[in-house]
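In case you want the letters, here they are:
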Amino acid sequence: MPLFYDTHAHLDYPDFADELPQIIARAEAAGIVKIISIATDLRSSERAVKLAEQFPNVFAAVGWHPSDALQAPDDLRPALRDLARHPKVVALGETGLDYHHLPSKQPGSAPEDDARFKRKQAELFRQHLEVAAVTGLNCVIHQRDSLEDTLALLTPFAERVRGVFHCFTNDASAMQRIVALGSLVSFTGVVAFKNAQTVRDAAAATPLDKLMLETDAPFLAPMPYRGKRCEPAYVKEISETVARTKGCTLEELSAATCATAHNFFRKLR
Ligand SMILES: [Zn+2]
Ligand SMILES: [Zn+2]
């Protein structure tokens, strides 16, 4: 059976609560033998580290999600540096910029709220990049409706830090700019959605050694589970779509994506 990793799941979410041993067992039975639990704030980072301590094939990324940037402390770096020392913390993130849900879309907010939110997101993203640079880890990047600003912030760090643009839904030319910076893209179940031809075209164009697979569980279940709670076992369906899209075998995709993950998340073992 070709083996795959789920390089981006939120195992600490309440959706999975008491069921984690079964969820991890189902993943293993489907050939998904490593899972990286991605954090969204400091408490979530601590939970991800605990899960990594509890389950041998679970690893953690520590960070603060851009959508929750306003709740973040002014300086996240000392906490991130401490967490990053843990042997099973394999990356910083998720971090990045998300301009999809701006305050101005909510009633009663002022235009300057958007600017303040974007500034705080940028500051937080920069802090993750700085800690990544000093710890030698890479960054799991969340980017939504913010490609230009995200690339602009990453570029000065590109010699020292690589990013994986997770849940990649942009087009092939965006992928090429990301790869040119030394970074990677990863694909979720979105790649199998009927209306996602652009994403499939981008996957087809991505060099086999520049991509990884992920579920973003509990979100974004692939076909035929769309609309249900997503779980790491579904990387199997995602791998089938990506292999078909790229015209490669599952064995080739398995070998390439696992090697890429080990190279990117250097403490993964
Ligand atoms: Zn994300
Ligand atoms: Zn996520």
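Here's a quick rundown of the structure.

Conventions used here
Residues numbered from 1 in each chain as written. Chains lettered and ligands numbered in written order. Predicted model: local features only at pLDDT ≥ 70, side-chain atom pairs only at ≥ 80, totals over all residues. Heavy atoms only, no water. Core = buried A, V, L, I, M, F, W, Y, C linked by side-chain atoms within 4.5 Å. Buried < 20%, exposed > 50% of the residue type's maximum accessible area, 1.4 Å probe, protein only. Helix = DSSP H or I, 4+ residues; strand = E, 2+ residues; numbered from the N terminus. Phe/Tyr/Trp six-rings, centres within 6.5 Å; stacked < 30°, edge-to-face > 60°. Lys NZ or Arg CZ within 6 Å of the ring centre and 35° of its normal. Donors = N, O, S within 2.8 Å, 3.2 Å for Na, K, Ca; no water. Pairing = 2+ DSSP bridges. Axes fitted to C-alpha atoms, helices over the stretch in contact; angles between N-to-C directions.

**Some details on the nonpolar core**
Soluble, globular proteins show a tendency: their nonpolar side chains are buried together.
Thought 1: Judged by nonpolar contacts, the single largest core of 79 residues is most densely connected at Phe 165, Phe 168 and Phe 187.
Thought 2: No other element matches helix H4 (residues 111–135), which puts 7 residues into this core.
Thought 3: In terms of nonpolar packing, the next biggest core, distinct from the first, is built from 16 residues, Ala 61, Val 90, Val 164 and Cys 258 among them.

**Section: the packing of aromatic side chains**
Thought 1: For the coordinates displayed, the defined rule picks out 4 aromatic pairs.
Thought 2: Look at Phe 168 and Phe 187: their rings are 6.1 Å apart centre to centre, the planes differ by 85°, and that puts the pair in the edge-to-face class. With Phe 168 in the loop between strand S6 (163–165) and helix H6 (172–180) and Phe 187 in strand S7 (residues 184–187), this residue pair connects regions lying 19 residues apart in the sequence.
Thought 3: When the ring of Phe 264 is compared with that of Phe 265, the centres are 4.8 Å apart and the planes differ by 85°; the resulting orientation is edge-to-face.
Thought 4: Residue class for Phe 264 comes out buried when judged on its relative accessible area of 1%.
Thought 5: Residue Phe 265 is classed as buried on the basis of its relative accessible area, which comes to 0%.
Thought 6: In this structure, Lys 88 packs its charged tip against the face of Phe 59, placed 4.6 Å from the ring centre.

**Some remarks on the coordination of the zinc ion (ligand 1)**
Thought 1: Protein-derived coordination of the zinc ion (ligand 1) comes from Glu 94 (OE), His 142 (ND1) and His 166 (NE2), at a distance range of 2.0 to 2.1 Å.
Thought 2: Site description for the zinc ion (ligand 1): donor spacing in sequence, E-x47-H-x23-H.
Thought 3: Taken as a pair, the zinc ion (ligand 1) and the zinc ion (ligand 2) show a spacing of 3.4 Å, with Glu 94 coordinating each metal. On the criterion of sequence distance, the pair formed by His 142 in strand S5 (residues 138–144) and His 166 in the loop between S6 and H6 is long-range, its members being 24 residues apart. Across the pair, exposure class does not vary: His 142 and His 166 are buried alike.

**Side note on the sheet that holds S7**
Thought 1: Reading across from one edge, S1-S2-S3-S4-S5-S6-S7-S8 is the order of the 8 strands in this open sheet, with parallel pairing throughout. Edge positions in the sheet fall to strand S1 (4–9) and strand S8 (211–213), since each has one partner strand and no second. Sheet twist, expressed as the average angle between the axes of neighbouring strands with direction ignored, equals 30°.
Thought 2: As defined by bridge partners, S1 adjoins strand S2 (residues 32–38) across 4 bridges and the pair is classed as parallel. Bridging across to S2, Ala 9 finds its partner in Ser 37.

None of this, on its own, says anything about what the molecule does.
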